[in-house]
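Each chain is listed here by its residues.
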Amino acid sequence: MKVAIILFNLGGPDSLEAVKPFLRNLFSDPAIINLPGWLRLPLARFISSRRAKKAMGIYAKIGGSSPILGQTEAQARALEKALGQGNTDEWRGYVCMRYWHPMTERVVQSVRRYAPDRIVLLPLYPQYSTTTTGSSFKAWKEASSFTVPSSEIESYPTDPGFIAASVELVRQGLAEAGAGKTRVLFSAHGLPEKIVKGGDPYQRHVEQTAKAIVDAI
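Residues numbered from 1 in each chain as written. Predicted model: local features only at pLDDT ≥ 70, side-chain atom pairs only at ≥ 80, totals over all residues. Heavy atoms only, no water.

**Student:** Could you clarify how one ought to interpret helix α2 (residues 37-61) in this entry?
**Tutor:** Note: α-helices contain 3.6 residues per turn, so residues at a spacing of three or four share the same orientation. Here α2 spans 34 Å end to end across 25 residues, near enough to the 36 Å set by a 1.5 Å rise per residue. Where α2 bends most, at Ala52, the angle is about 45°. Turning to α2, its buried residues are Arg40, Ala44, Ile47, Ser48, Ala52, Ala55 and Tyr59. Elements that come into contact with the buried residues of α2 comprise α1 (19-28). Just downstream of α2 lies Gly63, where phi reads positive at about 100°. (Helix = DSSP H or I, 4+ residues; strand = E, 2+ residues; numbered from the N terminus. Expected span 1.5 Å × (residues − 1). Bend = angle between axes of the 7 residues up to and from the residue. Buried < 20%, exposed > 50% of the residue type's maximum accessible area, 1.4 Å probe, protein only. Contact = heavy atoms within 4.5 Å.)

This is the structure in structure tokens:
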């Protein structure tokens, strides 16, 4: 059996010239700015123009581009290797970025050429949000018309493997900090309060992840 695993991620500009269009794609998404298109799209152009210079300066400090594509590709290859051990099925990972290349339409074409027998949609956002996983799933469904069985992994905020890996990283940080009183700060992207009050589970999922890590330590 041929299985295609679609690894969803946010994406990031691959050059300084890509910063502005990346931001425009981001703010054009109705999951990010919930306004009618006639108002949202001009607003997206305005915001991206205002933020581009500052964002370009930040990206310039880290080499002129985002490392997210290379890191996500490495995850895809590692996943293929892990799933292929002792398994007769053929697994192929595809990186699908939401706001910069490779974007959904192109990935759909690649998967169609592969002709899988099954598709697994795997967001690399452990905590679900309508603005991340929900947006990526919606874009995939609008761009694809596969008839083969598909599975969606919506979230895994307290998955034992994810928590164990996070605990190991925290323990490394604590060891580097040395003896004495140390505070651990959990940092995550925020959401407008309106979205959270509308039922988005992201904040709750982040809190569950933090608690699971603390409990394990």
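Past the structure itself, the notes keep going.
**Student:** Quick question: what am I supposed to make of a nonpolar patch on the surface here?
**Tutor:** On the surface, a nonpolar cluster with roughly 330 Å² of combined accessible area is contributed by Leu35, Trp38 and Leu39. By the secondary structure assignment, Trp38 is in helix α2. Relative accessible area serves as the criterion here: at 67%, Trp38 is assigned to the exposed category. (Patch = residues over 30% accessible without salt bridge, like charges linked within 9 Å, V, L, I, M, F, W, Y side chains within 5 Å. Areas by Shrake-Rupley, 256 points an atom, 1.4 Å probe, with all protein chains shown as cover. Salt bridge = Lys/Arg side-chain N within 4 Å of Asp/Glu carboxyl O.)

**Student:** Sorry, what's going on with helix α4 (residues 104-114) here?
**Tutor:** Restricting attention to buried positions, one finds in α4 the residues Thr104, Val107, Val108, Val111 and Tyr114. Buried residues in α4, looked at end-on, bunch into an arc of 115°, giving them a common side. Set apart from the buried face of α4 by more than 90 degrees, the exposed residues are Glu105, Arg106 and Arg113. At the C-terminal side of α4, Ala115 shows a positive phi close to 55°. (Arc of directions from axis to C-beta.)

**Student:** How should I be thinking about the sheet that holds strand β1 (residues 2-9) in this particular structure?
**Tutor:** Strand pairing in a sheet relies on backbone hydrogen bonds, with the paired strands running either antiparallel or parallel. Taken in spatial order, the four strands line up as β2-β1-β3-β4 in an open sheet, and their pairing is parallel. Two strands bound the open sheet, and with one partner strand each, they are β2 (90-97) and β4 (150-152). Adjacent strand axes in the sheet meet at a mean angle of 20°, parallel and antiparallel pairs treated alike. Pairing geometry for strand β3 (residues 118-123) and β4, over three bridges, is parallel. Pairing of Ile119 across the sheet is with Ser150, part of β4. Across the sheet, helix α3 (residues 68-84) lies against β1, β2 and β3, angled at about 165° from β2, the strand it touches most. With respect to the sheet, α4 is in contact with β1, β2 and β3, its orientation differing from that of β2 by roughly 165°. (Pairing = 2+ DSSP bridges. Axes fitted to C-alpha atoms, helices over the stretch in contact; angles between N-to-C directions.)

**Student:** What is the right way to look at the pattern of salt bridges in this model?
**Tutor:** Scanning all chains against the criterion turns up eight salt bridges. Two residues, Lys141 and Glu152, come together in a salt bridge whose shortest N-O distance is 3.1 Å. Residue Lys141 is located in helix α5 (residues 133-143), and its partner Glu152 is located in strand β4; the two are separated by 11 residues in the primary sequence. Here Glu193 ties to Lys197 by a salt bridge, and the two come within 3.4 Å at their closest N and O atoms.

**Student:** Looking at this model, I keep getting lost on the environment of Gly63. Mind explaining?
**Tutor:** Residue position: Gly63 is located in the loop between α2 and α3. Look at Gly63 and you get exposed, because its relative accessible area is 68%. For the pair formed by Gly63 and Met1, sequence separation is 62 residues and the distance between their alpha carbons is 41 Å.

Any functional reading would require information beyond the geometric quantities listed.
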